[in-house]
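Tertiary structure, described
If you want the building blocks of each chain, they are given just below.
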Amino acid sequence: MSKLEKPHFTAAEYLSMERASSDKHEFACGEIFAMTGASARHVGIVSNLVRELGNQLRHRPCQVYSTDLRVCIDADNRYAYPDVVVVCSQPKFLDDMLDTLLNPELIVEVLSESTRNYDRGDKFQQYRRIPSFREYLLVDQERVHVERHTKQSNGTWSLSETDAIGDVVQLESVGVTLAVSEIYFKIEFDQQQ
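Below you will find a few notes about this structure. This structure is a prediction, so every number in the text was calculated from the model and none was measured.

**Quick notes on the pattern of salt bridges**
- Counted by the stated rule, this structure contains 18 salt bridges.
- Residues Asp95 and Arg19 are paired through a salt bridge, measuring 3.0 Å at the closest nitrogen-oxygen approach. One end of the pair, Asp95, is in the loop between strand E6 (84-87) and strand E7 (100-101); the other, Arg19, is in helix H1 (residues 11-20), and 76 residues separate them in sequence.
- Residue class for Arg19 comes out partly exposed when judged on its relative accessible area of 29%.
- The closest approach of N and O atoms between Lys24 and Asp68, which form a salt bridge, is 3.4 Å. Of the two residues, Lys24 is situated in the loop between H1 and strand E1 (25-28) and Asp68 in the loop between strand E3 (63-66) and strand E4 (70-74); the sequence distance between them amounts to 44 residues.
- Sharing partners across several salt bridges, the network here consists of Glu113, Arg116, Asp140, Arg143 and Asp163.

**A closer look at the state of the cysteines**
- Inspection of the entire model under this criterion finds 1 disulfide.
- Through a disulfide, Cys62 is tied to Cys88; the S-S separation comes to 2.1 Å. What sets the handedness of the Cys62 and Cys88 disulfide is the S-S torsion sign, and at about 105° it is right-handed. Of this pair, Cys62 sits in the loop between helix H2 (40-57) and E3 while Cys88 is found in the loop between E6 and E7, placing the two residues 26 residues apart along the sequence. Comparing Cys62 with Cys88, the two get one shared label, buried.
- Free cysteine: Cys29, not disulfide-bonded; nearest cysteine sulfur from Cys72 at 12 Å.

**Details of the sheet that holds strand E8 (residues 106-111)**
- With respect to topology, 6 strands assemble into an open sheet ordered E3-E6-E8-E9-E10-E11, the strand pairing being mixed. Single-partner strands in this sheet number two, and they are E3 and strand E11 (157-162). On average, each strand axis in the sheet is inclined to that of its neighbour by 15°, with strand direction left out of account.
- Here 3 bridges tie E6 to E8, and the two strands are oriented antiparallel to one another. When the bridges of E8 are listed, Val84 appears paired with Val108.

**Structural notes on the sheet that holds strand E5 (residues 78-80)**
- One open sheet accounts for 5 strands, arranged E2-E1-E5-E4-E7; its pairing is mixed. In this open sheet, the two edge strands, each paired with only one partner strand, are strand E2 (31-34) and E7.
- Two elements, E4 and E5, share 3 bridges in a ladder whose sense is antiparallel. Within E5, the residue paired with Asp74 across the bridge is Arg78.
- Running over the sheet, H1 touches E1, E2, E4, E5 and E7 and is turned about 180° from E1.

**Some remarks on the side chain of Asn48**
- Mapped onto the elements, Asn48 comes out in helix H2.
- At 3.2 Å, the side chain of Asn48 and the side chain of Arg51 are in polar contact.
- Excluding anything up to four places from it in sequence, Asn48 contacts Glu182, Ile183, Tyr184, Phe185 and Ile187.

**What about H2?**
- An ideal rise of 1.5 Å per residue puts 26 Å on 18 residues; H2 measures up with 25 Å between its terminal C-alpha atoms.
- Those residues of H2 that sit buried are Arg41, His42, Gly44, Ile45, Val46, Asn48, Leu49, Glu52, Leu53 and Leu57.

**A look at H1**
- When H1 is considered as a whole, its buried residues turn out to be Ala11, Tyr14, Leu15 and Glu18. The buried residues of H1 occupy an angular sector of 95° when projected down its axis, which confines them to one face. Away from the buried face of H1 by more than 90 degrees, exposed residues Ala12 and Ala20 are located.
- Considering only its buried residues, H1 is in contact with E1, E2, E4, E5 and E7.

Reading the values: rules and limits
- Residues numbered from 1 in each chain as written.
- Predicted model: local features only at pLDDT ≥ 70, side-chain atom pairs only at ≥ 80, totals over all residues.
- Heavy atoms only, no water.
- Salt bridge = Lys/Arg side-chain N within 4 Å of Asp/Glu carboxyl O.
- Helix = DSSP H or I, 4+ residues; strand = E, 2+ residues; numbered from the N terminus.
- Buried < 20%, exposed > 50% of the residue type's maximum accessible area, 1.4 Å probe, protein only.
- Disulfide = S-S within 2.5 Å.
- Pairing = 2+ DSSP bridges.
- Axes fitted to C-alpha atoms, helices over the stretch in contact; angles between N-to-C directions.
- Contact = heavy atoms within 4.5 Å.
- Polar contact = N/O pair within 3.5 Å; in protein donor to acceptor, adjacent residues only side chain to side chain.
- Expected span 1.5 Å × (residues − 1).
- Arc of directions from axis to C-beta.

Put into structure tokens, the structure is as follows:
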């Protein structure tokens, strides 16, 4: 019995198909991965983050983008759709379609059971290839838990985290302070958790 080979695509083929598709897909090393729908908690947390970041950055030259803006990690090999992206310098795009950002400074991912290991591991490793990327916020949707990874001047990354609803998170890359209570505003958890 012969092994079936997965089809491999070029980045140009991926972008052409993605721009013609009504569904979202990520691209990694020739493979295309369909994006699945999100839970109400996930969408609520993303909405809270976009609102809070947008309100605090509205008078500054920063742009806050959510879920539908693709980020180019590596023009030949990797494209992703982070939950929230912030850029405070002039946004740079792959081409005149303005649908693929090249220079995110802050990337936020809301963790789900199926993505948490990937978001913390391989995806974070991939994001670190982006020269402008300076801060990574991971927000758990199953419980109150926020992780903040910050790029240091020597290129290493430091981690700080909190489980306290009364804490604040200082986002140095964009000069914003987020209250954990605002990240989880109107988010309800099951009683047994």
